[in-house]
Amino acid sequence: MLVRAARCRQAARAAERARVREVDDDEGRRLLRIVRRGTGSVVTWRRARMVLLSAQGMPARKIAEVTFTRADRVRDVLHNFNADGFEALYPKYKGGRPRTFPLSERREIKKSAKSEPAEHGLPFSTRSLVKPVDFLVAEGVVDDISHEGLRFPLREEGVSFHRIKTWKTSRDPDYAAEKARVEHLYAIADGEVLPEEGEPEVVFCLDEFGPLNLHPHPGRQWAERGGRHKDPGREPRPRRRATCTRPHGVRHLFAAYDLGRDKLYGHIKPRKHRTEFLESCRCLRGLHPPEIRIAFVLDNFSPHLTAKKDSRVGDRAAANNVELACTPTNNSWLNRIEAQFTALRYCTLDDTDHATHKEQSSMIRRCIIRRNQHAADERLREVVAGADVA
């Protein structure tokens, strides 16, 4: 025990005496650029930080605490820098097979990557590949690893870097019943179940698309490249005008999606009141014989509902053999027409600057016609599938 204690004290004194050699102004500025830039190898960044702190007079023991590593590791970095200069800062990676991590290390790496930084006493909330590397080295899980090398064990454990999205919970008291009814109607339309007596045979998804403004929409297009390789005689890249006033009003598309036929229908109106909604429903009702019961899946927008002062929606639905199935509150994503709107916006509005509502409406109508004629188009289905969640 006495020998071990003496050796520890000797190692501590050696670590305390370890200091970087005299650093001139050029070398100091170069070290500062490496530390501030933060790009490149994280190993280079960590070593440059140790050397810079030592050049500023910080002892090796304190550097080890600040950089979350061991004192002997700091001493090795400083000695290597004194001997080889800046070449010692850059890791000398060798080719061949990447390092393999045992299962226990992979599990610790996965646990560290998925944990909150605050759980480890770190004063920040953002996450990256660099921060788990510092923590893993400080905790002794791994001796040394770069942030690029960290990708391999994370990929093996099925962990990927993604953005956090928000979500809403529905406070609808009839949430379970309404959601189950909508899903049952979808099962009928998909042919998974047979409709019982009195149930709808045709299912439409209804919603409004808009407002449709006359303003430039951003998009992507091909253009000649710039930079030093550009053609001197090339034309300027196309740009969209900026608009501050929009005096032409708006339009609204009353759209319906027939799930059984895989067809999209639409009527463009200047307003989206209850009267315009009933006109659209009357057109959809005329597509099938009166004895065939139809279901409309829609959200809780006020013109879709029966009000005390205006009961036309419920009265006409009962008189025309129509069932109205509303999605739960804050759950309009259950409406399958939302994914169709993604493709419609991509095909008709992106990268456009329509001069009149007539021109814009004409493109939307022609796009709907072409979509119905090419409903099996693979590219269209990819766009729809990317936005479909119901």
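Residues numbered from 1 in each chain as written. Predicted model: local features only at pLDDT ≥ 70, side-chain atom pairs only at ≥ 80, totals over all residues. Heavy atoms only, no water.

Colleague: Hey, could you run me through the overall build of the protein chain in this one?
Modeller: Within the protein chain, the secondary structure is distributed over 14 helices and five strands. Split into buried and exposed, the 390 residues of the protein chain put 37% on the buried side. (Helix = DSSP H or I, 4+ residues; strand = E, 2+ residues; numbered from the N terminus. Buried < 20%, exposed > 50% of the residue type's maximum accessible area, 1.4 Å probe, protein only.)

Colleague: What is the right way to read the environment of Asn 300 from this model?
Modeller: Looking at the secondary structure, you find Asn 300 in the loop between strand E4 (294-298) and helix H11 (312-319). By relative accessible area, Asn 300 is classed as partly exposed at 33%. Each residue touching Asn 300, except ones within four places of it in the same chain, is listed here: Leu 305, Cys 326, Thr 327, Pro 328 and Thr 329. Here the side chain of Asn 300 touches Thr 327 through a polar contact of 2.7 Å, landing on its backbone oxygen. (Contact = heavy atoms within 4.5 Å. Polar contact = N/O pair within 3.5 Å; in protein donor to acceptor, adjacent residues only side chain to side chain.)

Colleague: Any chance you could explain the packing of helix H3 (residues 42-55) against helix H5 (residues 71-84) here in plain terms?
Modeller: Think of two packed helices as two axes; the pair is described by the angle between the axes and how far apart they sit. Relative orientation of the contacting elements H3 and H5 amounts to 85°, with a least axis distance of 10 Å. Considering their axes alone, H3 and H5 lie roughly perpendicular with respect to each other. Where H3 approaches H5, its residues Arg 47, Met 50, Val 51 and Ser 54 are matched on the opposing element by Arg 73, Val 74, Val 77, Leu 78 and Phe 81. Residue classes in the contact of H3 with H5 are distributed as six nonpolar, one polar and two charged. (Axes fitted to C-alpha atoms, helices over the stretch in contact; angles between N-to-C directions. Parallel < 35°, antiparallel > 145°, perpendicular 65-115°, else oblique. Nonpolar A, V, L, I, M, F, W, Y, C, P; charged D, E, K, R; others polar.)

Colleague: I'm lost on the packing of aromatic side chains in this one. Help?
Modeller: Geometrically, a pair of aromatic rings is defined through the distance of the ring centres and the angle of the planes. Considering all chains together, one arrives at four aromatic pairs under this definition. Residues Phe 81 and Phe 86 carry aromatic rings whose centres are separated by 5.4 Å and whose planes lie at 80° to one another, so their mutual orientation is edge-to-face. Grouping residues by exposure puts Phe 81 and Phe 86 together as buried. Residues Phe 209 and Phe 341 carry aromatic rings whose centres are separated by 5.0 Å and whose planes lie at 40° to one another, so their mutual orientation is tilted. Pair noted here: Phe 209 is in strand E1 (residues 202-212) and Phe 341 is in helix H12 (residues 337-348), with a separation of 132 residues, a long-range link. Accessibility assignment for this pair places Phe 209 and Phe 341 in one class, buried. Taken together, the ring pairs in this structure connect Phe 204, Tyr 265 and Phe 296 into an aromatic cluster. Arg 30 extends its terminal NZ or CZ atom over the ring of Phe 86, reaching a point 4.0 Å from the ring centre. Directly above the aromatic system of Tyr 186 lies the positively charged group of Arg 336, at a separation of 4.2 Å from the ring centroid. (Phe/Tyr/Trp six-rings, centres within 6.5 Å; stacked < 30°, edge-to-face > 60°. Lys NZ or Arg CZ within 6 Å of the ring centre and 35° of its normal.)

Colleague: How should I be thinking about the pairing of strand E3 (residues 263-269) in this particular structure?
Modeller: Remark: a regular strand shows side chains that alternate across the two faces of the sheet. Note that strand E2 (residues 251-258) and E3 share seven bridges and pair antiparallel. Opposite His 252, over in E3, you have Lys 269 as the bridge partner. Counted between consecutive antiparallel strands, the loop separating E2 from E3 contains four residues, among which Asp 262 sits at a positive phi close to 55°. (Pairing = 2+ DSSP bridges.)

Colleague: Could you clarify how one ought to interpret the packing of helix H10 (residues 274-285) against H11 in this entry?
Modeller: Following both chains from N to C, one finds H10 and H11 inclined at 10°, their axes separated by 11 Å at the closest point. On the basis of their axis angle, the class for H10 and H11 is roughly parallel. Judged by the twist between their axes, the crossing of H10 over H11 is right-handed. The residues of H11 that touch H10, namely those facing Arg 274, Thr 275, Phe 277, Leu 278 and Arg 282, are Arg 312, Val 313 and Arg 316. Its residues placed into classes, the contact of H10 with H11 shows three nonpolar, one polar and four charged. (Left-handed = near helix turned anticlockwise from the far one by under 90°.)

Colleague: Please clarify how the pattern of salt bridges should be interpreted in this entry.
Modeller: Opposite charge on two side chains permits them to pair, given that their charged atoms come into close proximity. Throughout the structure, instances matching the rule amount to 15 salt bridges. With a closest N to O distance of 3.4 Å, Arg 181 and Glu 199 form a salt bridge. A residue pair is termed long-range when its members are at least 10 positions apart, and Arg 181 in helix H9 (residues 175-189) and Glu 199 in the loop between H9 and E1 qualify at 18 residues. With its nearest N and O atoms 3.7 Å apart, the salt bridge here joins Arg 274 to Asp 310. (Salt bridge = Lys/Arg side-chain N within 4 Å of Asp/Glu carboxyl O.)

Colleague: Can you walk me through the nonpolar core in this structure?
Modeller: If you look at the biggest cluster of nonpolar residues, it comprises 32 residues, and the most contacted ones within it are Leu 31, Val 51, Val 74, Phe 81, Leu 89 and Leu 150. Counting residues per element, the ones that place at least two in this core are helix H2 (25-37), H3, helix H4 (60-66), H5 and helix H7 (130-139). Looking at this core, the element that brings in the most residues is H3, giving eight residues. When sequence neighbours within four positions are dropped, the list of residues in contact with Val 51 reads Val 20, Leu 31, Val 77, Leu 78, Phe 81 and Leu 89. Core analysis: the next-biggest nonpolar cluster, separate from the first, contains 23 residues, Tyr 257, Leu 264, Val 297 and Ala 325 among them. (Core = buried A, V, L, I, M, F, W, Y, C linked by side-chain atoms within 4.5 Å.)

Colleague: Please clarify how the side chain of Thr 69 should be interpreted in this entry.
Modeller: Inspection of the secondary structure assignment puts Thr 69 in the loop between H4 and H5. Look at Thr 69 and you get buried, because its relative accessible area is 13%. Every residue in contact with Thr 69, bar those within four places of it in the chain, is listed here: Arg 46, Met 50, Ala 64, Val 74 and Val 137.

Colleague: It is not clear to me how H10 should be interpreted in this structure. Could you clarify?
Modeller: Note: α-helices contain 3.6 residues per turn, so residues at a spacing of three or four share the same orientation. Helix length check: H10, at twelve residues, gives a terminal C-alpha distance of 16 Å against a target of 16 Å (1.5 Å per residue), a fit within 8%. Among the residues of H10, those classed as buried are Arg 274, Glu 276, Phe 277, Leu 278, Ser 280, Cys 281, Leu 284 and Arg 285. Against the buried residues of H10 lie E1, E2, E3, E4, H11 and strand E5 (322-326). (Expected span 1.5 Å × (residues − 1).)

Colleague: Please clarify how the environment of Ala 71 should be interpreted in this entry.
Modeller: In this fold, Ala 71 is placed in helix H5. Among the residues examined, Ala 71 registers a relative accessible area of 25% and is labelled partly exposed. C-alpha of Ala 71 to C-alpha of Ala 18: the two residues are 53 residues apart in sequence and 9.6 Å apart in space.

Colleague: How should the environment of His 267 be read in this particular structure?
Modeller: Topologically, His 267 is positioned in strand E3. Residue classification places His 267 among the partly exposed positions, given a relative accessible area of 26%. It is 8.5 Å that separates the C-alpha atoms of His 267 and Arg 365, two residues lying 98 residues apart in sequence.

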